[in-house]
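Observations on chain architecture
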Amino acid sequence: MKWLLIAVIALIILLFIIMATKLKIYFHFYHGNDNDHLRIQFKAWFGMIRYKIEVPLIKVDDNSPTIIVKEKEAAGTQENAPKKETKQYSAENLIDSLHDTKAMINHIVSLHKIIRKFLKRVTIRNLEWHTFAGIGDAAHTGMLTGALWAIKGGILGLISHYMKLKTPLSITVTPHFQFSVSQTALSCMIHFRVGHAMLAGIKLIKYWKGGLPDFRTKPLSALSDDGTKSV
């Protein structure tokens, strides 16, 4: 009975520690003409737990209307060798993903309220978004610059409405009138308590209605048989 009580107390303490853990997500995206790169890094417990995903865009396939990307995953310390995988994504994959998202939304009651309440617990820091744009014509470049400012303002307005912005923003749009250029770099740090994410997940399960939706996307293990190449 004594050992059972100790085990229960230990489990309660462990659960409390997990729920109180702050998960930090470092997001960086770069686009420069035909060069794209996405890096997402997860950290917890002062960096003792780390997981990194890097997704550089390789090219658009000349033989089919698909995008080829190379994904690298690394967990733990930097000494661990990253796992590399090359994949192809077509317009059909995107349509299937949108269909699955709609099916998921239709099976969860009050999904918007659940997500909105969770996002209120999410904090964003060090948000930087710099863009260099030009199309070789001064008048058209000026119009493009104004449109980019409007798009950034709308997106940042939504972010500040649904989430917490704790540090000043660093947002720029630099026009280039003499030549064509398209570059943008977006980086930020997002953090929230694991307990808040767990609570949101429990609510999603609680308000689930009906049976399983009709998903079109196959499991990850079957992607290699559906237009996905792995090396």
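Residues numbered from 1 in each chain as written. Predicted model: local features only at pLDDT ≥ 70, side-chain atom pairs only at ≥ 80, totals over all residues. Heavy atoms only, no water.

1. Thoughts on unusual backbone geometry
- Even without a glycine there, the phi angle at phenylalanine 46 is positive, about 55°.
- Tracing the chain through its elements places phenylalanine 46 in the loop between strand S2 (35–44) and strand S3 (49–60).
- Overall, the relative accessible area of 91% leaves phenylalanine 46 in the exposed class.
- Phi angles above zero are rare outside glycine, and asparagine 126 is one such case at about 55°.
- By the secondary structure assignment, asparagine 126 is in strand S6 (residues 123–135). (Helix = DSSP H or I, 4+ residues; strand = E, 2+ residues; numbered from the N terminus. Buried < 20%, exposed > 50% of the residue type's maximum accessible area, 1.4 Å probe, protein only.)

2. Observations regarding the pattern of salt bridges
- As enumerated under the stated definition, the model contains one salt bridge in all.
- Of the charged contacts in the structure, one is a salt bridge between glutamate 54 and lysine 52, with a shortest N-O distance of 3.4 Å.
- Take glutamate 54: its relative accessible area is 16%, and that puts it in the buried class.
- By relative accessible area, which is 29% here, lysine 52 ends up partly exposed. (Salt bridge = Lys/Arg side-chain N within 4 Å of Asp/Glu carboxyl O.)

3. Some remarks on the side chain of threonine 123
- Residue position: threonine 123 is located in strand S6.
- For threonine 123, a relative accessible area of 7% gives the class buried.
- Ignoring anything within four residues of it in the chain, the contact list for threonine 123 reads Lys164, Lys166, Met189, Ile190 and His191. (Contact = heavy atoms within 4.5 Å.)

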